[in-house]
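Secondary and tertiary structure notes
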Amino acid sequence: MPSLIQLGELEIAVHAERLTAIDQGYLLQGQSVALFHPFGNGYFYRHGWHSWSLTTWVSLSSTLAQPQPPLRWPMIDHPVLLEKYPFAGSAVGAVRGTRGTDEKILSLGALALDGHVSADNLLLRGDYPYAMPGVPSEWYVAYGPEQKVFAAYAHLLGQRFGIRARHPSPRVWCSWYSVYTDISQDLLLNVLQELTDFPFDVFQIDDGWQQNLGDWQSNAKFPQGMTWLAEQIQKAGFTPGLWLAPLAVAPSSKLFQEHPEWLLRDSQGQPVLAGHNWGDRFYGLDTTLPAVHDWLYELIETVRSWGYSYLKLDFLYAGALPAQRHENVSPEAALRQGLEVIRQAAGNAYMLACGAPILPALGLADGLRIGPDVAPYWDNPERSETLHDLSGPGTRNALRTSLHRLWLRPLVDTDPDVAFFRTRFNLMNPLQSTLTQDMAYIAGFRATSDLPAWLDPHERQALLAFLQSQPAVQPLDRYRFQVDQRLVDFTFLANEW
Ligand code: 9PG
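Cut-offs and rules
- Residues numbered from 1 in each chain as written.
- Predicted model: local features only at pLDDT ≥ 70, side-chain atom pairs only at ≥ 80, totals over all residues.
- Heavy atoms only, no water.
- Buried < 20%, exposed > 50% of the residue type's maximum accessible area, 1.4 Å probe, protein only.
- Helix = DSSP H or I, 4+ residues; strand = E, 2+ residues; numbered from the N terminus.
- Pairing = 2+ DSSP bridges.
- Axes fitted to C-alpha atoms, helices over the stretch in contact; angles between N-to-C directions.
- Expected span 1.5 Å × (residues − 1).
- Arc of directions from axis to C-beta.
- Contact = heavy atoms within 4.5 Å.
- Near = heavy atom within 4 Å.
- Polar contact = N/O pair within 3.5 Å; in protein donor to acceptor, adjacent residues only side chain to side chain.
- Areas by Shrake-Rupley, 256 points an atom, 1.4 Å probe, with all protein chains shown as cover.
- Salt bridge = Lys/Arg side-chain N within 4 Å of Asp/Glu carboxyl O.

**Points about the pairing of strand E28 (residues 480-483)**
Burial along E28 is one-sided: Phe481 and Val483 are buried, and none of Arg480 and Gln482, which face the opposite way, are. Between the antiparallel neighbours strand E27 (residues 473-475) and E28 lie four residues. The sheet contact formed by E28 and strand E29 (residues 486-489) spans four bridges and is antiparallel. Opposite Arg480, over in E29, you have Asp489 as the bridge partner.

Put into structure tokens, the structure is as follows:
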């Protein structure tokens, strides 16, 4: 028998094991809960599984097709959620009508790890697909203006998982979005020289320094080694930062050969596919194995001893895939175990979680990538449209998902990815590049990959001003912000489907 609850002017029938009224809403208990909502074919707030996964309001009558190909699914979103794409999401979901940006929303948010929320024109449902005996299956339901409802949910998440936001976030120069894997010791030393006049806090080396995914030693492009390079970065006045994908393993790595028993496996004993990148498949580690804990601890301790105290930890979802594990805990609880070990070894180093399921990173990571990769282009239609994959690199995809995750700001530094100032090697028009800068202000995380040598005098000036200013940001509605005296409008990203 459903119970009836009163939420503002709404009377709603709810299926749950237990209901408790709290501030602005109710706590529900149950492995599966359901709310009968009154919005028919209104909109569903779909919150994707990890950093890159599509997060947006989508019409409940949308015909948005499932992303292809399945070989890449874990890189895109949770495989179980993709089965019901786009009407299923991770951790939190909401429904509303079609009136406009002031419409109140009805939200359902998981207060434990691994929650899934789905909707149709009658129901808003919550499920804990991996609920374990003794683990509370708790939810928060609320109704009201979007900002208030999400703020109340964030507050409860902070109580349960912790808060590590460090506003203001460090200002980061990151090597990825200019030279990608073509980094080398010499190239980075050159950039370091060019950057001396710019007030960055962190100089972050991205993918391309390591021997392999799993083999975290420097390759031949770094002849003096990572310690020496960290010293040069420090001498130039920056905090050394380093990219790692500590839970991802390439089949060609030594780690894969030496410790096949550390990989996540399915019930047939086959390694669980984590994705396809770097020209091959890759797999994830079982972060419930004591031997993996020791290895992770040592890896992070080593990187710290080299002198890196800003760690970009990428492809973290690889540790949270459904699999048979050494310990019978849920996938996200397993990831959280791994992140706890990493946090212990990292001490007070800044941890930026990327490609990360959201809730498991809270209270452990200082920063969190809240969208997919930007790129020096607006969109890649082959991937966004032909393959229906809205999690791929491209500024439009990145802005859309980051915009819908700003409610996480009280909990963690929210990284919307880098801003662009260059016109060289950039296919975007100046307005599109400006949007990446404004998103950095709004999310409170300023970073770029632009090489000073690529900037004309005007662009150099713009980058300097960006690093030196922290404009006042006032949200006006869901998609419009006042940034100092200017209006920044992302309404073009609303209700696309
Ligand atoms: C390094 C990069 C950068 C970047 C990360 C992550 O789906 N994909 O094809 C896909 C490719 C790259 C990627 C994410 C997804 O980028 O977000 O900042 O560190 O790895 O390899």
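Having seen the structure, we can now continue with the description.
**Regarding the sheet that holds strand E6 (residues 43-46)**
Pairing is antiparallel in the open sheet, where seven strands are placed in the order E3-E4-E13-E10-E9-E6-E7. The strands lining the two open edges of the sheet, one partner per strand, are strand E3 (18-22) and strand E7 (56-59). Strand-to-strand twist across the sheet, computed as the mean angle between neighbouring axes with direction ignored, equals 20°. Of the pairings in the sheet, the one linking E6 to E7 comprises four bridges and is antiparallel in character.

**Quick notes on helix H8 (residues 290-306)**
End to end, H8 covers 24 Å across 17 residues, agreeing with the expected 24 Å (1.5 Å per residue, within 8%). Residues of H8 that are buried: Val292, His293, Trp295, Leu296, Leu299, Ile300, Val303 and Trp306. Buried residues of H8, seen end-on, are gathered within an arc of 165° and therefore sit on one face of the element. In H8, the exposed positions that point more than 90 degrees away from the buried face belong to Asp294, Glu298 and Ser305. Where H8 is buried, its residues touch strand E17 (215-218), helix H6 (225-235), strand E18 (239-244), helix H7 (254-258), strand E22 (310-313) and helix H9 (331-346). Positive phi appears at Gly307, one or two residues downstream of H8, with a value of about 115°.

**Some points on the site of the ligand**
Not every one of the 15 residues close to the ligand is listed here, only the nearest: Tyr177, Asp206, Asp207, Lys312 and Asp373. At 3.2 Å, a side-chain N or O of Arg369 approaches an oxygen atom of the ligand. Within the side chain of Asp373, a nitrogen or oxygen atom sits 2.6 Å from an oxygen atom of the ligand. A total of 460 Å² of accessible area belongs to the ligand in isolation, and the protein chains cover 95% of it.

**Notes on the sheet that holds strand E15 (residues 202-205)**
Strand order in the open sheet made by the eight strands is E25-E24-E23-E22-E18-E15-E14-E26, with parallel pairing throughout. What marks the edges here is a single partner per strand, and that holds for strand E25 (413-415) and strand E26 (447-448). Sheet analysis places E18 next to E22, joined by four bridges and oriented parallel. Bridging across to E22, Leu242 finds its partner in Leu311. Running at roughly 140° to E18, H6 makes contact with E15 and E18 of the sheet.

**Concerning the pattern of salt bridges**
Under the counting rule described, the total for this entry stands at 18 salt bridges. The closest approach of N and O atoms between Asp366 and Arg164, which form a salt bridge, is 2.9 Å. Of this pair, Asp366 sits in the loop between helix H10 (358-361) and strand E24 (367-369) while Arg164 sits in the loop between helix H3 (146-161) and strand E14 (172-174), and the two are 202 residues apart along the sequence. Asp366 sits in the buried class, given a relative accessible area of 0%. For Arg171, the salt bridge goes to Asp201, with nearest N and O atoms at 3.0 Å. Taken as a pair, Arg171 in the loop between H3 and E14 and Asp201 in the loop between helix H5 (185-194) and E15 lie far apart in primary sequence, 30 residues in all. A network of salt bridges, in which partner residues are shared, links Arg164, Arg166, Arg343 and Asp366.

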